[in-house]
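Here are the chains, one letter per residue:
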Amino acid sequence: MRLFSRFKKRLSYLKPKQIEQIRQAFLFAEQKHHDQKRSSGESYITHPIAVAIILADMHMDPDSISAALLHDVIEDTPIEKTEIKKKFGKTVAELVDGVTKLTKMQFSTLAEAQAESFRKMVMAMSHDIRVILIKLADRLHNMRTMESLPIYKQHRIAKETLDIYAPIANRIGIHDLYIDLESLSFAVLYPRRHAVIQNAVQKARGNRKEIINTITKEIKKRFSKSALKKVEIFGREKHIYSIYKKMLRKHLSLSEIMDVYGFRIIVKNFDDCYRALGVIHSIYKPVPGRFKDYIAIPKLNGYQSLHTTLIGPQGLPIEIQIRTDKMEQIASKGIAAHWLYKTGEKFSEAHIRAQQWINDLLEMQQKTGSSLEFIENVKTDLFPEEIYVFTPKGGIMELPRGSTAIDFAYAVHTAIGNTCVAAKIDRQFAPLSTILTSGQTVAITTSPGSRPNPAWLHFVRTGKARSGIRHFLKNQQQAELITLGEQLLLNSFAELSVSFNKITKNAINKVLTEFKIEDLNGLFKEIGLGNRSPLFVAHQLINATKAKLVTKERKEPLLIQGTEGIAVNLAHCCHPIPGDTIISLMVKGRGLMVHREQCEKISRLRKQPEKFILARWADDIKEKFVAILKIDMSSRLGSFAALTKAIADCEANIDNITIIERTGAHYVTKVVINVRNKTQVEKVLNKLNSLSIVTKAIRV
Ligand code: MN
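The rules behind these values
Residues numbered from 1 in each chain as written. Predicted model: local features only at pLDDT ≥ 70, side-chain atom pairs only at ≥ 80, totals over all residues. Heavy atoms only, no water. Helix = DSSP H or I, 4+ residues; strand = E, 2+ residues; numbered from the N terminus. Buried < 20%, exposed > 50% of the residue type's maximum accessible area, 1.4 Å probe, protein only. Contact = heavy atoms within 4.5 Å. Areas by Shrake-Rupley, 256 points an atom, 1.4 Å probe, with all protein chains shown as cover. Phe/Tyr/Trp six-rings, centres within 6.5 Å; stacked < 30°, edge-to-face > 60°. Lys NZ or Arg CZ within 6 Å of the ring centre and 35° of its normal. Salt bridge = Lys/Arg side-chain N within 4 Å of Asp/Glu carboxyl O. Donors = N, O, S within 2.8 Å, 3.2 Å for Na, K, Ca; no water. Patch = residues over 30% accessible without salt bridge, like charges linked within 9 Å, V, L, I, M, F, W, Y side chains within 5 Å. Lys, Arg positive; Asp, Glu negative; His and termini not counted. Charge placed at Lys NZ, Arg CZ, Asp CG, Glu CD. Pairing = 2+ DSSP bridges. Axes fitted to C-alpha atoms, helices over the stretch in contact; angles between N-to-C directions. Parallel < 35°, antiparallel > 145°, perpendicular 65-115°, else oblique. Nonpolar A, V, L, I, M, F, W, Y, C, P; charged D, E, K, R; others polar. Left-handed = near helix turned anticlockwise from the far one by under 90°.

Peer 1: Outline the overall build of the chain, listing residues and values.
Peer 2: Broken down by element type, the chain carries 27 helices and 21 strands. Burial statistics for the chain: of 700 residues in total, 48% are counted as buried. Put simply, 66% of the contacts in the chain that link residues at least 6 apart link residues at least 24 apart. Of the roughly 36,000 Å² of accessible surface on the chain, a fraction of 52% belongs to carbon and sulfur atoms.

Following this line, the structure appears as structure tokens:
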């Protein structure tokens, strides 16, 4: 009974009749738990009381407080739900039952195995949102009193708290609980990091105090001169875990974070928030782009406040939050503030939003066929930094926000990433660079001959994709350069009517030493890169061999495989494709550049034919190439549809369509298509020229 009299003081906000109901619940729980002890050795009843106190301090309703006192009796004693219902009514019984169901679930992570339990969890809390509040208070007290548990258990509970319960507390807007749960879990999971940061925060406190006082005085002075009366100002300190997260996320040092000063200003009403902002901005200069109006547009969990960052004395950044007392209560207590501010039957905004979230979850779980899909949707909600997409077989991939189809391909397997050529997102073809969103099903098409494109590096998001592409290109580049260099050198030998086979090993070694190159492949690479002239190298090798070497060698053209890479470049001025007569030349440091024979850009080089390298297309090219068409056409209803259909009928892909000129009902358009070879382009052109809407279609 002594226990209860201390507890009773926290219930002063309730009516005597309500307190009596709570006393009955206390007596019942104390009696049922009387022979039980906590792992710390204390009598068990201290735990339900502590949970009830957490809720009482949030000014929760008497049913919630009673249920908190009774929350472990179904789980730990032979008592059943019906008995609680008879004694304390339906609501209390449902709440206790809901909490019991949650307690039975264990989540080590939000992985696939727990999908089903998580679904049940949402079901349990959907009935009455107070269930999750009681559960969160229960978890908070357990986190506070877990020293006597074995370390592995502490870790499991802390991880579950960090992964599941803290995000839920945040999502339903109970900021105070959320921060406590996070900090306690962080201290258990990363004791050393926690200690280091805590130490630094304590050390900095002295210096900070002085600065905070100066700024507070300055602000107060200004407010006293303004029409705003009732203004409260607090210096804020960052929480240890949020400092740690900031260090990780923004790659800031501890001191950089500690150098930011936070203040909160509480005013009387809504209008005063904006007036206070005006006063603040007249004292210190605001940092552009940092003002946020969460009053007009509240956060998802109902949070409301004005945020601004200022440049304070000595250039120190000052972060200011301005809100009303009620907004402050909602920010720290979330849906729990509803009971505090209960006015008639109207629910608070935060409560409505939290209930809406739960309702959405319920609806989602009814709509989605698999529990996996459901949990991924929930995760998207709780952890907005990640997205969840599906493989065609229903597997789940977790990717960071901003990931593309290519990131997905690499996440499945590096080999898939390296050979991916197309993506289908929700059964529709989409560019590989498409940014994915949660819930999409992604299928990747691969082609054995294809390879990563260096341009992918501009848009991939994950480290796995980035390193996969880089690694492949590096290996590929080496191999390609070696092959190209070798071919170029052999060509030069042919030009000089000498067989490379006649060159002695000694001669090769002599030349390599002279050039300070390690081996023959290194020499080929240098030639492939255009850093050494193959003709010059051939001369050196012939001279070093010191024998009469001239024979009759036939000059072979260089084979162009079609894959554009580092050593072979298809010129972007004329876009050569298989079937075109081509001309190639070496560009220093870049390798071989392939042009169409009629390309204007190389016409001025025609006087120096020795620069050209004889080349022809390989026979079995499977790549797709860019061809640019210019189409004069009349614009009628459906012209563009007819145009695209004609191109699609020839199995060519359209990359882009732009209108370059437009005179009345006449258009000149530029169409970029992907084709296999010249024959296919000709087929497309024939088809287009046969359309009545097309005046003339040509390849540029
Ligand atoms: Mn408990």
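Peer 1: Account for the packing of aromatic side chains, with residues named and values stated.
Peer 2: Counted by the stated rule, this structure contains 12 aromatic pairs. Considering the side-chain rings of Phe4 and Phe7, the 5.7 Å spacing of their centres and the 80° angle between planes classify their relative orientation as edge-to-face. Taken together, the positions of Phe4 and Phe7, both in helix 1 (residues 2–8) and three residues apart, correspond to about one turn of that helix. The exposure classification of Phe4 matches that of Phe7, with both residues buried. The cationic tip of Arg532 hangs over the ring face of Phe515; the distance from NZ or CZ to the ring centre is 4.2 Å.

Peer 1: Quick one: what's the story with the pattern of salt bridges, residue by residue and with numbers?
Peer 2: Here the structure, examined in full by the defined rule, presents 20 salt bridges. Here Asp97 and Lys81 are joined by a salt bridge, their closest N and O atoms 3.6 Å apart. Highlighted residues: Asp97 in helix 7 (residues 90–104) and Lys81 in helix 6 (residues 81–88), separated in sequence by 16 residues. For Asp97, a relative accessible area of 15% gives the class buried. The exposure class assigned to Lys81 is partly exposed, which follows from its relative accessible area of 30%.

Peer 1: Give a detailed account of the coordination of the manganese ion, specifying residues and quantitative values.
Peer 2: Only His47 (NE2), His71 (NE2), Asp72 (OD) and Asp138 (OD) from the protein coordinate the manganese ion, and they sit 2.2 to 2.5 Å from it. Written as a sequence motif, the donor arrangement for the manganese ion is H-x23-H-D-x65-D. Pair noted here: His47 is in helix 3 (residues 46–57) and His71 is in the loop between helix 4 (62–70) and helix 5 (73–76), with a separation of 24 residues, a long-range link. Residue His47 is classed as buried on the basis of its relative accessible area of 1%. With a relative accessible area of 0%, His71 lands in the buried category.

Peer 1: Summarise a positive patch on the surface; cite the residues concerned and give the values.
Peer 2: On the surface, a cluster of positive charge is contributed by Arg249, Lys250, Lys292 and Lys299. Relative to the assigned elements, Lys299 resides in the loop between strand 4 (292–293) and strand 5 (306–311).

Peer 1: Describe the sheet that holds strand 18 (residues 625–634), and please don't skip the residues or the numbers.
Peer 2: Pairing is antiparallel across the open sheet formed by four strands, whose spatial order is 19-20-18-21. At either end of the open sheet lies a strand with only one pairing partner, and these are strand 19 (653–663) and strand 21 (694–699). If you compare each strand with its neighbour and ignore which way they point, the axes differ by 20° on average. Two elements, strand 18 and strand 20 (residues 666–675), share 10 bridges in a ladder whose sense is antiparallel. Along strand 20, the bridge assignment pairs Leu629 with Val671. Against the sheet, helix 27 (residues 678–689) makes contact with strand 18, strand 20 and strand 21, and its axis sits at roughly 170° relative to strand 21, the strand it touches most.

Peer 1: So what about the packing of helix 20 (residues 405–412) against helix 22 (residues 463–495)? Which residues, and what values?
Peer 2: Running from N to C, helix 20 and helix 22 point in directions that differ by 85°, and their axes come no closer than 8 Å. In this view, helix 20 runs roughly perpendicular relative to helix 22, as classed from their interaxial angle. Residues Ile406, Asp407, Tyr410 and Ala411 of helix 20 form the contact with helix 22, whose participating residues are Lys464, Ala465, Gly468 and Ile469. Class assignment for the residues of the contact of helix 20 with helix 22 results in five nonpolar, one polar and two charged.

Peer 1: So what's going on with the side chain of Arg208? Which residues, and what values?
Peer 2: Here Arg208 shows up in helix 12 (residues 191–225). Residue classification places Arg208 among the buried positions, given a relative accessible area of 5%. Aside from chain neighbours lying at most four places away, what touches Arg208 is Arg236, Met258, Val260 and Tyr261.

Peer 1: Explain the packing of helix 10 (residues 151–171) against helix 11 (residues 175–189) to me, using residue names and the numbers behind them.
Peer 2: Axis separation between helix 10 and helix 11 bottoms out at 9 Å; the angle between their running directions is 155°. One finds that helix 10 runs roughly antiparallel with respect to helix 11. The two elements helix 10 and helix 11 cross, and the hand of that crossing is left-handed. For the pair formed by helix 10 and helix 11, the contact residues are Gln154, His155, Ala158, Lys159, Thr161, Leu162, Tyr165, Ala166, Ala169 and Asn170 on the first element and Tyr178, Leu181, Glu182, Ser185, Val188 and Leu189 on the second. By residue class, the composition of the contact of helix 10 with helix 11 is nine nonpolar, five polar and two charged.

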